[in-house]
Amino acid sequence: MTLDFAAPIKNIMPSGDIISVDAEDNAPTAWMLMRTHRIRHLPVLAGNEIVGLVTPRDVERALLFVNRSVAFPEIKEHHFDPNIRVWQIMSSPVAVIDVTTPINVAARYMVHKKISALLLSSNEGNFAGIVTSEDLLKLLFEVEGEKNTNESIADKGKLWFQSSPIKQLVDELASSGI
């Protein structure tokens, strides 16, 4: 597989159903969607408009902690307040890019802004999907091709990185202070 850094970011967007939550849903709904689908970034929509993003950290902040000991601040019991809505806990504003943005531009933006997810919008401005740093890492390993060796994944990554086309991009970003 040859990596075309100028290809649109939509080319690496995960296929399948796009999981999102409505801004008016409650926090437990967001948490259950994240757990059920094993995702760490949950787009928040109002209609088809992107309004935010929920992460596990956002959901944890929505927890109500009760029965704390003053001497021992260990949490003994916790639960969600069912009245807390997603719009109250989401991160906003969020990074949104067009689905036609080149992969290299999107990757540089993520590194520069120190973010791990980009929400994608269609040419019409509607929510189209999400790309995470994990998706970019998977792409890199697909480019290399999974070889059946006894090397650990970490060793493969180190060896591949030293001879990969992405090294030039990483070196360029590092030299510019990003």
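Predicted model only: the values in this text are computed from it and were never measured. (Residues numbered from 1 in each chain as written. Predicted model: local features only at pLDDT ≥ 70, side-chain atom pairs only at ≥ 80, totals over all residues. Heavy atoms only, no water.)

Colleague: Outline the side chain of Asp135, listing residues and values.
Modeller: Here Asp135 shows up in helix H5 (residues 133-144). This buried residue, Asp135, is left without a salt bridge; Lys138 holds the nearest opposite charge, at 4.8 Å. One polar contact links the side chain of Asp135 to the main-chain amide nitrogen of Thr132, over a distance of 2.8 Å. In this view, Asp135 contacts Ile12, Pro14 and Ile130; residues no more than four positions away in its chain are not counted. (Helix = DSSP H or I, 4+ residues; strand = E, 2+ residues; numbered from the N terminus. Buried < 20%, exposed > 50% of the residue type's maximum accessible area, 1.4 Å probe, protein only. Lys, Arg positive; Asp, Glu negative; His and termini not counted. Salt bridge = Lys/Arg side-chain N within 4 Å of Asp/Glu carboxyl O. Polar contact = N/O pair within 3.5 Å; in protein donor to acceptor, adjacent residues only side chain to side chain. Contact = heavy atoms within 4.5 Å.)

Colleague: I'd like a rundown of the pattern of salt bridges, residues and numbers included.
Modeller: Following the criterion strictly, the structure yields two salt bridges and no others. One salt bridge in this structure joins Glu134 and Arg40, with 3.5 Å as the shortest N-O distance. Remark: Arg40 occurs in the loop between helix H1 (27-37) and strand E2 (42-46) and Glu134 occurs in helix H5; sequence separation between them is 94 residues. Taking relative accessible area as the criterion, Glu134 reaches 37% and is therefore assigned partly exposed. In this structure, the salt-bridge partner of Glu134 is Lys138, at a minimum N-O distance of 3.4 Å. Taken together, the residues span about one helical turn, with Glu134 and Lys138 both in helix H5 at a distance of four residues. Where salt bridges share partners, they join Arg40, Glu134 and Lys138 into one cluster.

Colleague: Break down helix H4 (residues 103-113) for me, with residues and values.
Modeller: Among the residues of H4, Ile103, Ala106, Ala107 and Met110 are the ones counted as buried. The buried residues of H4 occupy an angular sector of 100° when the element is viewed end-on, so they sit on one face. Phi turns positive one or two residues past the end of H4, at Lys114, with a value near 55°. (Arc of directions from axis to C-beta.)

Colleague: Account for H1, with residues named and values stated.
Modeller: Every buried residue of H1 is accounted for by Ala27, Ala30 and Met34. Angular distribution of buried residues about the axis of H1 spans 65°; they occupy a single face of the element. Residues of H1 that are exposed and point over 90 degrees away from its buried face: Arg35 and Thr36. Phi turns positive one or two residues past the end of H1, at Arg38, with a value near 50°.

Colleague: Give a detailed account of the sheet that holds E2, specifying residues and quantitative values.
Modeller: Taken together, three strands build an open sheet; the order of strands is E1-E2-E3 and the sheet is mixed. Among the strands making up the open sheet, the edge pair consists of strand E1 (21-22) and strand E3 (49-54). Across two bridges, the pairing between E1 and E2 is parallel. Looking at E2, one finds that Val21 is bridged to Val44. (Pairing = 2+ DSSP bridges.)

Colleague: Could you give me a rundown of the sheet that holds strand E8 (residues 127-132), with the residues and numbers involved?
Modeller: On the basis of which strands lie adjacent, the open sheet formed by three strands has the order E6-E7-E8 and mixed pairing. A single partner strand is all that each edge strand has here, and the edge strands are strand E6 (96-98) and E8. Within this sheet the neighbouring strands show an average axis-to-axis angle of 35°, counted without direction. In terms of strand pairing, E6 meets strand E7 (residues 117-121) through three bridges, oriented parallel. When the bridges of E7 are listed, Asp98 appears paired with Ser121. (Axes fitted to C-alpha atoms, helices over the stretch in contact; angles between N-to-C directions.)

Colleague: Any details on the side chain of Thr55? Residues and values, ideally.
Modeller: In this fold, Thr55 is placed in the loop between E3 and helix H2 (56-61). Thr55 sits in the buried class, given a relative accessible area of 19%. Not counting residues up to four positions away in its chain, the partners in contact with Thr55 are Met34, Arg40 and His41.

Colleague: Can you explain the confidence of the model for the protein chain? Please cite residues and give values.
Modeller: The share of residues in the protein chain with pLDDT of 70 or more is 69%, and the mean pLDDT across the chain is 78. Averaged pLDDT values over the elements of the protein chain bottom out at 53 in helix H6 (residues 153-162) and peak at 96 in E1. Within the model, the stretch residues 65-77 combines pLDDT values under 50 with 13 contacts to residues more than four positions away or in other chains. (pLDDT = per-residue confidence, 0-100.)

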